[in-house]
Amino acid sequence: MNVVGVSACPAGLAHTPMAAKALEKAGKELNWNVKIEQQGMMGPVNAISQEEANAADFVLIASDQKITSMDRFKGKPVIRVDINTCIKAPKAVLKKCAAAIKKED
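Here the structure is a predicted model, which is why all the values come from computation and not from measurement. (Residues numbered from 1 in each chain as written. Predicted model: local features only at pLDDT ≥ 70, side-chain atom pairs only at ≥ 80, totals over all residues. Heavy atoms only, no water.)

(A) Here's a closer look at the pairing of strand β3 (residues 58-62). Most of β3 is tucked away: five of the five residues are buried. With burial as the criterion, each face of β3 is covered, one bearing Phe58, Leu60 and Ala62 and the other bearing Val59 and Ile61. As judged from the five bridges shared by strand β1 (residues 2-8) and β3, these two strands associate in the parallel manner. Bridge pairing links Val3 to Phe58 in β3. Here β3 pairs with strand β4 (residues 78-81) via four bridges, running parallel. Counted as the bridge partner of Ala62 is Val81 from β4. (Buried < 20%, exposed > 50% of the residue type's maximum accessible area, 1.4 Å probe, protein only. Helix = DSSP H or I, 4+ residues; strand = E, 2+ residues; numbered from the N terminus. Pairing = 2+ DSSP bridges.)

Laid out in structure tokens, this is it:
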């Protein structure tokens, strides 16, 4: 499974990197390719390229904030999940998102 996503919280200093790291670690445990861009006060960190977005099976947005550059994900399934849930249960989040995408096929 190839997943890209964006994490963002109001300040972008604590929950944003925590969610990104948790999701990427869970991805490794699942043997999936997971890359999470962080958006916050310092601008984008670990930015997702158009090529990475094109190759993704789905896009995970770990935020209730406005995400910039959403146009690069056009045509991809996008799933929004509460950032705290991504920190607490990242592996479950990834599995549920993948299952939801497979149901849509």
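(B) The nonpolar core, seen in detail. With 22 residues, the main nonpolar core has Leu23, Phe58, Leu60 and Leu94 as its most contacted residues. When near neighbours in sequence (up to four residues on either side) are disregarded, Leu60 contacts Val3, Val4, Gly5, Val6, Leu23, Ile79, Val81, Val93, Leu94 and Cys97. Formed by 10 residues, the second largest nonpolar core is a distinct cluster that contains Val4, Val59, Ile61 and Phe73. (Core = buried A, V, L, I, M, F, W, Y, C linked by side-chain atoms within 4.5 Å. Contact = heavy atoms within 4.5 Å.)

(C) Focus on the side chain of Lys35. With respect to the secondary-structure elements, Lys35 resides in strand β2 (residues 33-39). A distance of 2.9 Å separates a polar atom in the side chain of Lys35 from the backbone oxygen of Ala47. Sequence-distant contacts of Lys35, that is, excluding residues within four places in its chain, are made with Val3, Val4, Gly5, Glu24, Asn46, Ala47, Ile48 and Glu52. (Polar contact = N/O pair within 3.5 Å; in protein donor to acceptor, adjacent residues only side chain to side chain.)

(D) Summary view of the pattern of salt bridges. Under the criterion given, the structure shown has three salt bridges. With a closest N to O distance of 3.2 Å, Glu29 and Lys91 form a salt bridge. Placement of Glu29 in helix α1 (residues 15-30) and of Lys91 in helix α4 (residues 90-104) is noted, with a sequence separation of 62 residues between them. Relative accessible area serves as the criterion here: at 48%, Glu29 is assigned to the partly exposed category. Glu52 is paired through a salt bridge with Lys35; the nearest N and O atoms lie 3.0 Å apart. With Glu52 in helix α2 (residues 50-55) and Lys35 in strand β2, this residue pair connects regions lying 17 residues apart in the sequence. (Salt bridge = Lys/Arg side-chain N within 4 Å of Asp/Glu carboxyl O.)

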